[in-house]
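Spelled out, the chains give:
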Amino acid sequence: MIARKISDVRKFMSGFLIGNMLDNFRLAEAVITTFCTFTIDGRLEKRFFGETDAQPENAKSRGPADLVSWKDVREHCFDLIRGKHTPLFFRFVFFSSAESASALLRQNGLAIPEDQIPGLCLNLRYSGTELYLTTGTSHRTFTMDKTVDKIWDEYVDAFLKKAGIEAAPAE
């Protein structure tokens, strides 16, 4: 797990809410406090969609894919956050898609079954002036091996750098 303080909050927020920087991630949970607190459970409600309705691309998947895609809910969150005043607080919990997680593990020579690593996580936390990003991993079974954690942390640092986002280790 790593924790990073985002140096340029405005630039990050632009890529996060207006751009497509995190569109490949799944949203597990969002809590946004403006004039009141809004809570979003990212579990996809498949019952909402009828037989003839177009369903989100991940509606028939399992695992983290049971979570709504960030690109499908980003605009709603943006509507809650934008305005004259900055939010008092927000927290977002994201998971990498199963496909992206599997590809990352394969690229690094790890032959771990997809169902053994259900979550490569990103957490965003804003408290009025400061924005922090932390990583995390979840495993189905206990392991002392931190290889997956290290690979994920390195990927996130490279991801931020590629996006032009400056982030320093959190104190």
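Above: the structure in question.
If you're wondering where the values come from, they're calculated on a predicted model, not measured in any experiment. Per chain, the residues get numbers from 1 upward, laid out in the order the sequence is written. For a predicted model such as this one, the threshold for reporting local features is a pLDDT of at least 70, and the threshold for listing and counting side-chain atom pairs is 80 or more; totals across whole chains, interfaces and linings nevertheless cover every residue. With hydrogens and water stripped out, all remaining heavy atoms of the structure feed into the side-chain values.

**Focus on the overall build of the protein**
Phase 1 of the analysis: In terms of regular secondary structure, the protein is built from 4 helices and 8 strands.
Phase 2 of the analysis: When the helices and strands of the protein are placed in sequence order, the string is β-α-β-β-β-α-β-α-β-β-α-β.
Phase 3 of the analysis: Principal-axis analysis of the C-alpha atoms gives the protein an extent of 50 × 50 × 25 Å.
Phase 4 of the analysis: Across the protein, every contact between residues at least 6 apart in sequence was considered, and the portion connecting residues at least 24 apart equals 69%.
Phase 5 of the analysis: Residue burial considers only the protein chains on display, and all accessible areas are found by Shrake-Rupley using a 1.4 Å probe. A total of about 10,200 Å² of accessible surface is found on the protein, and carbon and sulfur atoms cover 52% of it.
Phase 6 of the analysis: Positive and negative charge centroids in the protein, built from 22 and 23 side chains respectively, lie 2 Å apart. Secondary structure follows DSSP: runs of H or I at least 4 residues long count as helices, runs of E at least 2 residues long count as strands, and numbering of each begins at the N terminus. Any two residues having at least one pair of non-hydrogen atoms within 4.5 Å are treated as being in contact. Positive residues here are Lys and Arg, negative ones are Asp and Glu, while His and the chain termini are left out of the count. Charged side chains are reduced to one point each, which is NZ for Lys, CZ for Arg, CG for Asp and CD for Glu.

**Side note on the side chain of Arg74**
Phase 1 of the analysis: By the element assignment, Arg74 lies in helix α2 (residues 70-81).
Phase 2 of the analysis: Each residue touching Arg74, except ones within four places of it in the same chain, is listed here: Phe16, Leu17, Ile18, Gly19 and Asp23.

**Here's the deal with the environment of Val9**
Phase 1 of the analysis: Here Val9 lies in helix α1 (residues 9-18).
Phase 2 of the analysis: Linking Val9 and Asp79, residues 70 residues apart in sequence, is a C-alpha distance of 18 Å.

**Quick word on the packing of α1 against α2**
Phase 1 of the analysis: The N-to-C vectors of α1 and α2 enclose an angle of 125°; their axes lie 8 Å apart at closest approach. The orientation of α1 with respect to α2, classified from their angle, is oblique. Residues Phe16, Leu17 and Ile18 of α1 lie in contact with α2, whose contacting residues are Trp70, Arg74, Phe78 and Ile81.
Phase 2 of the analysis: In this count, Pro and Cys sit with the nonpolar residues alongside Ala, Val, Leu, Ile, Met, Phe, Trp and Tyr, while Asp, Glu, Lys and Arg are called charged and the others, Gly among them, polar. Here the residues of the contact of α1 with α2 sort into 6 nonpolar, no polar and 1 charged. The angle between two axes is taken between their N-to-C directions and runs from 0 to 180 degrees, where each axis is a line fitted to C-alpha atoms and a helix contributes only its stretch in contact. Angles are sorted into four bins: roughly parallel if under 35 degrees, roughly antiparallel if over 145, roughly perpendicular if 65 to 115, and oblique for all others.

**Structural notes on the nonpolar core**
Phase 1 of the analysis: Think of a nonpolar core as a cluster: buried Ala, Val, Leu, Ile, Met, Phe, Trp, Tyr and Cys residues, connected wherever their side-chain atoms sit within 4.5 Å. Think of it in three bands: residues with accessible area under 20% of the maximum for their type are buried, residues over 50% are exposed, and the middle band is partly exposed, with areas taken using a 1.4 Å probe on protein chains only. Membership of the largest hydrophobic core comes to 39 residues, with the highest contact counts inside it found for Phe12, Phe16, Trp70, Phe92 and Phe94.
Phase 2 of the analysis: Those elements giving two or more residues to this core turn out to be α1, β2 (25-33), α2, β5 (89-96), α3 (98-107), β6 (119-126), β7 (131-138) and α4 (147-162).
Phase 3 of the analysis: The residues contacting Phe92, other than those within four sequence positions of it, are Phe16, Leu27, Glu29, Ala30, Ile32, Trp70, Cys77, Ile81, Leu122, Asn123 and Leu124.
Phase 4 of the analysis: One finds Leu67, Val93, Phe95 and Cys121 within the second-largest nonpolar core, a separate group that totals 5 residues.

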